[in-house]
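# Examining the three-dimensional arrangement
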Amino acid sequence: MITKKPIVAANWKMYKTPQEGVTFVIEICNLLLDKEKPTIIFCPSFTSLFHINENLPDSGIELGSQNVYFESEGAFTGETSVQMLKDCGVRYVIIGHSERRHIFNENNASLNKKLHVVLDNGLVPIFCIGETFDDRNAGYTQRILKEQLAKGLDGIKGQLIDRMVIAYEPVWAIGTGVNAEPKQVEDTHLQINELLAELYANELVKQIPILYGGSVKPENAKALIEVEGVDGFLVGGASLKLELFFKIIKIVNNNYMG
Ligand code: 13P
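Description of the structure in this document. As the structure is a computational prediction, the values presented were derived from the model and not from experiment.

All right, on to the site of the ligand then. In the vicinity of the ligand, the contacting residues are N11, K13, H97, E169, A173, I174, G175, G214, S215, L234, G236 and G237. In the environment of the ligand, an oxygen atom lies 2.7 Å from a nitrogen or oxygen atom belonging to the backbone of S215. A distance of 2.8 Å separates an oxygen atom of the ligand from a polar atom in the backbone of G237. Calculation on the ligand without its partners gives an accessible area of 310 Å², and the protein chains cover 95% of this total.

Okay, here's the thing in structure tokens:
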């Protein structure tokens, strides 16, 4: 059973124009008005952040970005700094999404630099980890997660770690329609907790929310949010459709409120 306030984060990837994003967020706010709700985070593309922030009703809904660069400014064509994000009202930053790792060749060393800069500047990373289909079949899941955590979190002090969110996203479940089974999620979240406890004190580890991501939809959200150790979701495809995303938020909220 969840004790931390659950998180439902929407990763919109490369979908929705700024105007479509604003319309969606306003409609969700209207549906959720005055209701107790989980922490809801929208992560649109960079071009939408400013516009959504300017038009965000006073709703408690949070804004996140899908990436950041680790330098503060300079000749880095195509990149975006933490300060630029902060000025757009961003509080959360997705780091290490599997699409960044696999399509854009981001590695544990560069992700580590990004985690440092995000935490040092007061923002909250949503640090994504997860194994591929081949890793899991070969029995390497734990090894891969350990490497991603140990290298990604290298040098990050305990006093910053309680501002971290981890998202476990098995690569084989992302965008495939096939979610990880609740038992697989439970076992893997437990492993992640144990791996974190090798790096940090237990009382700190207990405060770190661990989200599940990978084909979350209304049909499987109840079974997945009931899993011990799941503190919320990072949702891709289903976060693009108002009705689906609203249903997922309601399911998470019902589980939290008992
Ligand atoms: P889907 O929900 O579309 O599988 O995507 C998950 C994801 O990548 C969230 O970051």
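Tallied over the entire structure, the rule returns 11 salt bridges. Salt-bridge contacts for E99 lead to K13; the nearest nitrogen and oxygen are separated by 2.8 Å. You can see E99 sitting in helix α4 (residues 98–102) and its partner K13 sitting in the loop between β1 (7–11) and α1 (18–32), a full 86 residues away along the chain. Across the salt bridge formed by R100 and E106, the nearest N and O atoms sit 2.8 Å from each other. Of the residues examined, R100 reaches a relative accessible area of 22% and is grouped as partly exposed. The network of salt bridges with common partners includes R100, E106 and K114.

In this section: the packing of aromatic side chains. Under the counting rule described, the total for this entry stands at seven aromatic pairs. With a centroid separation of 6.4 Å and an interplanar angle of 55 degrees, the aromatic rings of Y168 and Y212 are classed as tilted. Here the residue Y168 occupies a position in strand β6 (residues 165–168), and Y212 occupies one in strand β7 (residues 210–213), the gap between them amounting to 44 residues. Classification of Y212 by relative accessible area gives buried; the value is 0%. Joined through ring pairs, the aromatic side chains of W12, F24, F42 and F245 make up one cluster. The lysine or arginine in question, R100, covers the ring of F104, its NZ or CZ lying 4.1 Å from the ring centre. The ring of Y140 has R143 lying over it, and the distance from NZ or CZ to the ring centre is 4.2 Å.

Turning our attention to the layout of surface pockets. Taken as a whole, the largest pocket spans an internal volume of roughly 450 Å³. Forming the walls of the largest pocket are 17 residues, and the residues nearest its centre are K13, M14, Q66, R100 and F104. Residues of the lining of the largest pocket, tallied by class, amount to seven nonpolar, six polar and four charged.

Closest axis-to-axis distance for the α1/helix α2 (residues 46–55) pair is 9 Å, and the angle between their directions is 40 degrees. If you check the angle between α1 and α2, you find them oblique. Considering only the axes of α1 and α2, their crossing is right-handed. In contact with P18, Q19, G21, V22, V25 and I26 of α1, α2 contributes T47, S48, H51, I52 and N55. In terms of residue class, the contact of α1 with α2 is built from five nonpolar, six polar and no charged.

Parameters and conventions
Residues numbered from 1 in each chain as written. Predicted model: local features only at pLDDT ≥ 70, side-chain atom pairs only at ≥ 80, totals over all residues. Heavy atoms only, no water. Near = heavy atom within 4 Å. Polar contact = N/O pair within 3.5 Å; in protein donor to acceptor, adjacent residues only side chain to side chain. Areas by Shrake-Rupley, 256 points an atom, 1.4 Å probe, with all protein chains shown as cover. Salt bridge = Lys/Arg side-chain N within 4 Å of Asp/Glu carboxyl O. Helix = DSSP H or I, 4+ residues; strand = E, 2+ residues; numbered from the N terminus. Buried < 20%, exposed > 50% of the residue type's maximum accessible area, 1.4 Å probe, protein only. Phe/Tyr/Trp six-rings, centres within 6.5 Å; stacked < 30°, edge-to-face > 60°. Lys NZ or Arg CZ within 6 Å of the ring centre and 35° of its normal. 1 Å grid on protein atoms, 1.4 Å probe; cavity = no way out; pocket = protein on both sides within 12 Å on 5 of 7 lines; lining within 4 Å. Points joined across faces, edges and corners; volume = space filled by probe spheres on them. Nonpolar A, V, L, I, M, F, W, Y, C, P; charged D, E, K, R; others polar. Axes fitted to C-alpha atoms, helices over the stretch in contact; angles between N-to-C directions. Parallel < 35°, antiparallel > 145°, perpendicular 65-115°, else oblique. Left-handed = near helix turned anticlockwise from the far one by under 90°. Contact = heavy atoms within 4.5 Å.

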